[in-house]
Amino acid sequence: MNQSKNNQVLTKLCMTAVMAALVAVGSYLQIQIPSILGTSRFHLGNVMCALSGLLLGPWWGALGSGLGSALYDLLLDPTRFAEFPITFVLKGVYGLVAGAVFFKVFKGKSNYVNEVVASGLAAVSYIVVYLAKSFFYNGLLIKGLTAEAAWLGVLEKIPSSLFNGIVAVIFAPILGAALHKALKAAHLEAKLA
């Protein structure tokens, strides 16, 4: 029994590391757009953040999405080095919400609709906290902008945030449903639940 529990934890830890790497690479694949508050980015990191929660559940999924995004800030984009702790928490929200909705509300029943709903709620949650961070932290605190200028900066980030969220809502469930099927066939799904 104890050996089985250790194997389950080891499997989750390894999958979390894989998801963290996929989140970092997905964040690296991007198109940058200059804005008042720095840059807006179109990237694939949010797809992997949602997928992390869908596969690993709320806590391990949050760890995978937060770590991968923080690693991106630390290693792949030196201009974002100072923000890595904030990114860890904010992107962790993405995996946390996706995993919580999928596993707590839908009981881990894998189908495209359940995974779309979980990914959609995660995207909305992340966009809200990200835009709040952009206004307060980047706009008011770091850049020292007036409230009006900070709001303009937030407005510039809305299109890329929505695009990234929509892409995640479309593609994370496709990948999630396919991977859940593969994990079930390999008898690994129980170790991740």
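Basis of the calculations
For every chain, the first residue of the written sequence is number 1, and numbering continues from 1 onward in sequence order. Per-residue local features of the predicted model are confined to residues with pLDDT of at least 70, and side-chain atom pairs are confined, for both listing and counting, to 80 or more; whole-chain, interface and lining totals are unaffected and use all residues. Excluding hydrogens and water, the side-chain values take into account all heavy atoms of the structure. To qualify as a helix, a DSSP run of H or I must reach at least 4 residues; to qualify as a strand, a run of E must reach at least 2; elements of each kind are numbered from the N terminus. The globule rule is 2.2 Å times the number of residues to the power 0.38, and the radius of gyration it is compared with is taken over C-alpha atoms. Burial status follows relative accessibility: with a 1.4 Å probe on protein chains alone, a residue under 20% of its type maximum counts as buried, one over 50% as exposed, and anything between as partly exposed. Contact between two residues is taken to exist if any of their heavy atoms lie within 4.5 Å; hydrogens are not considered. The Shrake-Rupley method, run with a 1.4 Å probe sphere, supplies the accessible areas, and residue values consider only the shown protein chains as cover. Charge counting treats Lys and Arg as positive and Asp and Glu as negative, with His and both chain ends excluded. Positions of charges follow a simple convention, taking NZ of Lys, CZ of Arg, CG of Asp or CD of Glu. Here the aromatic set is Phe, Tyr and Trp, taking the six-membered ring for Trp, and pairing holds for ring centres within 6.5 Å; pairs whose planes are under 30 degrees apart are stacked, those over 60 apart are edge-to-face, and all others are tilted. Under the convention used throughout, the expected extent of a helix is 1.5 Å for every residue step, that is, one less than its residue count. We count a salt bridge whenever a side-chain nitrogen from Lys or Arg sits within 4 Å of a carboxyl oxygen from Asp or Glu.

Details of the overall build of the protein
Here comes step 1: Counting its secondary structure elements, the protein contains 7 helices and 2 strands.
Here comes step 2: Starting at the N terminus and ending at the C terminus, the protein contains elements arranged as α-β-β-α-α-α-α-α-α.
Here comes step 3: Computed over C-alpha atoms, the radius of gyration of the protein comes to 17 Å, within 12% of the 16 Å expected from 2.2 N^0.38 for 193 residues, which places it in the range of a compact globule.
Here comes step 4: The C-alpha extent of the protein, read off along each of the three principal axes, is 60 × 30 × 25 Å.
Here comes step 5: Across the 193 residues of the protein, 45% fall into the buried class.
Here comes step 6: Intrachain contacts of the protein at a sequence separation of at least 6 include 72% that bridge at least 24 residues.
Here comes step 7: Just so you have it, the protein exposes about 9,600 Å², and 75% of that area is on carbon and sulfur atoms.
Here comes step 8: If you average the places of the 14 positive and of the 7 negative side-chain charges in the protein, the two averages end up 13 Å apart.

A look at the side chain of Thr16
Here comes step 1: With respect to the helices and strands, Thr16 occurs in helix 1 (residues 2–28).
Here comes step 2: Setting aside its immediate chain neighbours within four residues, Thr16 contacts Leu56, Trp60, Leu63 and Gly64.

A look at the packing of aromatic side chains
Here comes step 1: Scanning the model with the defined rule gives 7 aromatic pairs in all.
Here comes step 2: With a centroid separation of 5.6 Å and an interplanar angle of 20°, the aromatic rings of Tyr126 and Tyr130 are classed as stacked. With Tyr126 and Tyr130 both in helix 5 (residues 112–142) and 4 residues apart, the pair spans about one turn of that helix. Of the two residues, Tyr126 and Tyr130, both sit in the buried class.
Here comes step 3: Ring-pair connections join several aromatic residues into one group, and the members of that group are Tyr94, Tyr126 and Tyr130.

Things to note about helix 3 (residues 58–76)
Here comes step 1: Spanning 19 residues, helix 3 covers 26 Å between terminal C-alpha atoms, matching the ideal 27 Å at 1.5 Å per step.
Here comes step 2: Along helix 3, the residues classified as buried are Pro58, Gly61, Ala62, Gly64, Ser65, Gly66, Gly68, Ser69, Ala70, Tyr72 and Asp73.

What about the pattern of salt bridges?
Pairing of side chains with opposite charge becomes possible as their charged atoms draw close.
Here comes step 1: One pass over the full model with this rule turns up 2 salt bridges.
Here comes step 2: For Asp73, the salt bridge identified is with Arg80, shortest N-O distance 2.8 Å.
Here comes step 3: Judged by relative accessible area, which is 1%, Asp73 ranks as buried.
Here comes step 4: Across the pair Lys133 and Glu83 runs a salt bridge whose closest N-O atoms are separated by 2.6 Å. Here Lys133 is found in helix 5, whereas its partner Glu83 is found in the loop between helix 3 and helix 4 (84–105), with 50 residues between them in sequence. The same class applies to Lys133 as to Glu83, namely buried.

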